[in-house]
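# Observations on the three-dimensional arrangement
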Amino acid sequence: MVQQVLINDDDYYVPDANQLVTENDTPVDNFASAKQQRLLVSSLYSSLQNQTFLAEANVGIYYTDLQPPIVPDVFLSLDVQVPEKWWEKQNRCYMVWRFGKPPEVVLEIVSNKEGDELGKKLKIYEHMRASYYIVYDPNQQLAEKILHIYELRGTRYFETSETWLEQVGLGITLWEGEFEGRQDNWLRWCYQNGNVLLTGDERAEQEQQRTEQAEQRAEQAEQRSQLLADRLRAMGVDPDTL
């Protein structure tokens, strides 16, 4: 298992956040990627409510002040949370030296061949030492594979076919279904048994189904009880005296 090195501000040079570009307000996503990002982020927050983590889409990560930030489509960082004063310059994006470690998972969704996800970006995330780098290529623009998963071993990434991310206690899976009114194939987080992490809407729908099933069982039980009472009365037995 890869052990991430925690960064202590007292031992390392900390860049001046006021000199860094934390956001440029230039959205460039497409509808499909934006919806996929929401699915991945929202399902984490609705399903892992008892855990401390930070998951975001299209938020910059600074791993050094010598380079501009890298902006993954989605990232997941465990045991950290957004600072209370999140409007302050140094708290507006993910600066590795402030959070003390890189995210465990960074994920890119391929929409064209210009992102160089299997080249330049892979090298950046490897240098950053994110434990896992996932490239989701739904239209197979980079290769025949739809899913590329890289695991950090030492200081190098190695591609793996293992979809269970041991270091984060979550898996990744391809799932066909409906999200936000759109039927499609989606990339989703899952538990080790293969069950996907539910969104808030899915959780509410599941709870509604349980309620309806419970009401149906109660109604059926009442009907059986009434039928038995009617039979007893037909036999001359008052069920209320039993």
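See the structure printed just above.
Here goes a summary of the coordinates provided. In this convention, every chain numbers its residues from 1, walking through the sequence in written order. Totals for whole chains, interfaces and linings use all residues, but because this is a predicted model, local features are given only for residues with pLDDT of at least 70 and pairs of side-chain atoms are given and counted only at 80 or more. Calculated side-chain values reflect all of the structure's heavy atoms, with hydrogen atoms and water omitted.

## Examining the pairing of strand S6 (residues 132–136)
As a reminder, the rule being used: Per-residue accessibility, obtained with a 1.4 Å probe over protein chains only, is compared with the maximum for each type, and a residue is labelled buried under 20%, exposed over 50%, and partly exposed between these values. Secondary structure elements follow DSSP: runs of H or I no shorter than four residues count as helices, runs of E no shorter than two count as strands, and numbering proceeds from the N terminus. Look down the strands so they point away from you; if going from the first strand over the helix to the second traces a clockwise path, that crossover is right-handed.
For S6, a buried count of 5 out of 5 residues is recorded, marking the element as mostly surrounded by other parts of the structure. The alternating pattern of S6 places Tyr 132, Ile 134 and Tyr 136 and Tyr 133 and Val 135 on opposite faces, both of which are buried. In this view, the connection linking strand S5 (residues 105–109) to its parallel neighbour S6 by way of helix H3 (residues 120–128) has right-handed handedness.

## Description of the packing of aromatic side chains
The criterion, for reference: Only centres within 6.5 Å qualify two rings of Phe, Tyr or Trp (six-membered ring in Trp) as a pair; their planes then separate them into stacked at under 30 degrees, edge-to-face at over 60, and tilted for everything else. Charge over a ring is defined by NZ of Lys or CZ of Arg lying within 6 Å of the ring centre and within 35 degrees of the ring normal.
Inspection of the entire model under this criterion finds 9 aromatic pairs. Ring centres of Phe 75 and Tyr 94 lie 5.3 Å apart, and the angle between their planes is 75 degrees; this geometry places the pair in the edge-to-face category. You can see Phe 75 sitting in strand S3 (residues 74–78) and its partner Tyr 94 sitting in strand S4 (residues 94–95), a full 19 residues away along the chain. Judged by relative accessible area, Tyr 94 falls into the buried class, the value being 1%. Arranged with centres 5.7 Å apart and planes meeting at 80 degrees, the rings of Phe 179 and Trp 186 form a pair that is edge-to-face. Owing to a relative accessible area of 5%, Trp 186 belongs among the buried residues under this scheme. Among the aromatic residues, those joined into a ring-pair cluster are Tyr 125, Tyr 133, Tyr 150 and Tyr 157. Between Arg 188 and the ring centre of Trp 175, over which it is positioned, the NZ or CZ distance is 4.4 Å.

## Some details on a nonpolar patch on the surface
The test is simple: Patches here are clusters of residues that have more than 30% relative accessible area and form no salt bridge, with a 9 Å joining cutoff for like charges and a 5 Å cutoff for nonpolar side chains (Val, Leu, Ile, Met, Phe, Trp, Tyr). Here the Shrake-Rupley method, with its probe set to 1.4 Å, supplies the accessible areas, and only the displayed protein chains count as covering residues. A carboxyl oxygen of Asp or Glu within 4 Å of a side-chain nitrogen of Lys or Arg is what we treat as a salt bridge.
Nonpolar side chains collect at one region of the surface, where Val 82, Trp 86 and Trp 87 lie side by side and expose about 390 Å² of accessible area between them. Turning to its location among the elements, Trp 87 is positioned in the loop between S3 and S4.

## Section: the nonpolar core
Stated formally: What makes a nonpolar core is a set of buried Ala, Val, Leu, Ile, Met, Phe, Trp, Tyr and Cys residues whose side-chain atoms join them at distances within 4.5 Å. Note on contacts: a residue pair qualifies if any of its non-hydrogen atoms lie within 4.5 Å across the two residues.
If you look at the biggest cluster of nonpolar residues, it comprises 24 residues, and the most contacted ones within it are Leu 44, Leu 76 and Trp 189. Each residue touching Leu 44, except ones within four places of it in the same chain, is listed here: Phe 53, Ala 55, Leu 76, Leu 170, Trp 189 and Leu 197. Residues Tyr 63, Ile 124, Met 128 and Tyr 157 belong to the second largest nonpolar core, which totals 21 residues.

## A look at the sheet that holds strand S9 (residues 164–165)
We count it as follows: Two strands make a pair as long as DSSP finds a minimum of two bridges between them. Between N-to-C directions, angles cover 0 to 180 degrees, with each direction set by a line fitted to C-alpha atoms, over the stretch in contact for helices.
An order of S9-S10-S11 is seen for the 3 strands of this open sheet, with the pairing classed as antiparallel. On the outer flanks of this sheet lie S9 and strand S11 (182–190), each paired with one strand and no other. As defined by bridge partners, strand S10 (residues 170–179) adjoins S11 across 9 bridges and the pair is classed as antiparallel. Paired with Leu 174 across the bridge in S11 is Leu 187. Helix H1 (residues 31–47) contacts S10 and S11 of the sheet and is inclined by roughly 40 degrees relative to S11.

## Describing H1
The condition that has to hold: What a helix should span is 1.5 Å times the count of its residues minus one. N or O atoms within 3.5 Å of each other form a polar contact, as long as, within protein, one can give a hydrogen and the other can take it, and as long as residues adjacent in sequence are counted only when both atoms are side-chain atoms.
With 17 residues, H1 ought to run about 24 Å at 1.5 Å a step, and its terminal C-alpha atoms sit 24 Å apart, in line with that. Burial in H1 covers these residues: Ser 33, Lys 35, Gln 36, Gln 37, Leu 39, Leu 40, Val 41, Ser 43, Leu 44, Ser 46 and Ser 47. Its side-chain oxygen at 3.1 Å from the backbone nitrogen of Ala 32, Asn 30 defines the N-terminal cap of H1.

## Structural notes on the environment of Glu 159
Along the polypeptide, Glu 159 turns up in strand S8 (residues 156–160). Separated by 11 residues in sequence, Glu 159 and His 148 have C-alpha atoms that sit 7.0 Å apart. Other than its neighbours up to four places away in sequence, Glu 159 contacts Lys 145, His 148, Ile 149 and Tyr 150. At 2.7 Å, the side chain of Glu 159 forms a polar contact with the side chain of Lys 145.

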